[in-house]
Amino acid sequence: MGRIRQSLPVAPRSSEVECRRCGVVCQKVVHPSRCLEQQCPFLYAYDAFGRTYVGCTQEIFAADIDLEVLERARRRRNGFGSVRAVREPLPICPADVERAYENREDPMGCINPEFHELPDRPSFRVIRGDD
Ligand code: SF4
Ligand code: SF4
């Protein structure tokens, strides 16, 4: 089955899905089991080699995932886990930012805080000094 890509009436998005501006490596990820749970209309499925595979028509993640493996993993305590986003997640996407090599973080902290803004989350959290 071919992939159908529909353009969405949303604001232009940045294409940054990975940041390496400091010693840490930050990567945007999505949780495909939650795409399934929320019955995202952009999921597609096809049968091949006697199995059913699912993927994202918006190509937010690139992998085609075995549906039975995904369903089985969903029932386990740790779930299926996340897959790397290859395009900026949409507001409906169950997205997160995962960080590797956190011990390398600069003492001044993140120099690209905008990277952690996800479409459906508040931009910046302002914390008062006396809190
Ligand atoms: S990554 Fe986003 S667009 Fe793609 S299937 Fe999941 S929720 Fe839908
Ligand atoms: S901590 Fe900030 S600057 Fe460093 S890689 Fe992550 S987003 Fe980029």
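Scroll up a little and you will see the structure.
Let me sum up the structure you'll find in this document. (Residues numbered from 1 in each chain as written. Chains lettered and ligands numbered in written order. Predicted model: local features only at pLDDT ≥ 70, side-chain atom pairs only at ≥ 80, totals over all residues. Heavy atoms only, no water.)

## Digging into the pattern of salt bridges
Going through the model one piece at a time under the given rule, you end up with 10 salt bridges. Linked through salt bridges whose partners overlap, the residues forming this network are Arg51, Asp66, Glu68 and Arg72. (Salt bridge = Lys/Arg side-chain N within 4 Å of Asp/Glu carboxyl O.)

## Some words on the pairing of strand β4 (residues 51-56)
In this structure, strand β3 (residues 43-48) lies alongside β4, joined through six bridges in antiparallel fashion. What sits directly across from Asp47, in β4, is Thr52. What sits between β3 and β4 in their antiparallel hairpin is a turn of two residues, with Phe49 showing a positive phi close to 55°. The pairing of β4 with strand β5 (residues 65-66) spans two bridges and is antiparallel. Among the inter-strand pairings, Tyr53 is bridged to a residue of β5, identified as Asp66. (Pairing = 2+ DSSP bridges. Helix = DSSP H or I, 4+ residues; strand = E, 2+ residues; numbered from the N terminus.)

## Let's talk about the site of ligand 2
Around ligand 2 sit Cys19, Arg21, Cys22, Val24, Cys26, Arg99, Cys110, Ile111, Asn112, Phe115 and His116, and that is every residue in its neighbourhood. Residues of the shell around ligand 2, tallied by class, amount to seven nonpolar, two polar and two charged. (Near = heavy atom within 4 Å. Nonpolar A, V, L, I, M, F, W, Y, C, P; charged D, E, K, R; others polar.)

## Some words on the environment of Ile65
Note that Ile65 resides in strand β5. Between the alpha carbons of Ile65 and Tyr53 there is a distance of 5.2 Å; along the sequence they are 12 residues apart. For Ile65, the contacting residues outside a window of four places in its chain are Pro32, Thr52, Tyr53, Val54, Leu70, Phe80 and Val83. (Contact = heavy atoms within 4.5 Å.)

## Quick look at the nonpolar core
Counting 23 residues, the largest nonpolar core has Cys26, Val30, Ile60, Phe61 and Ile65 as its most contacted members. Mapped by element, the contributors of at least two residues to this core are β2 (25-30), α1 (32-37), β4 and β7 (95-100). The contacts of Phe61, once residues within four sequence positions are left out, are Val30, Pro32, Cys35, Gly55, Cys56, Val83, Arg84 and Val86. (Core = buried A, V, L, I, M, F, W, Y, C linked by side-chain atoms within 4.5 Å. Buried < 20%, exposed > 50% of the residue type's maximum accessible area, 1.4 Å probe, protein only.)

## Overview of the site of ligand 1
Neighbouring ligand 1 are the residues Cys35, Gln38, Cys40, Phe42, Leu43, Cys56, Ile60, Phe61, Leu90, Ile92, Cys93 and Pro94. Here the residues of the shell around ligand 1 sort into 11 nonpolar, one polar and no charged.

## Quick look at the sheet that holds β3
The strand order across the open sheet built from three strands is β3-β4-β5, with neighbouring strands paired in antiparallel fashion. Lying at the two open borders of the sheet, with one neighbouring strand each, are β3 and β5.

## What to know about the side chain of Asp66
Along the polypeptide, Asp66 turns up in strand β5. Engagement of the side chain of Asp66 in a polar contact is seen with the backbone nitrogen of Glu68, the distance being 2.9 Å. For Asp66, the residues in contact, after removing those within four places along its chain, are Arg51, Thr52 and Tyr53. (Polar contact = N/O pair within 3.5 Å; in protein donor to acceptor, adjacent residues only side chain to side chain.)

The values are spatial; any link to function lies outside them.
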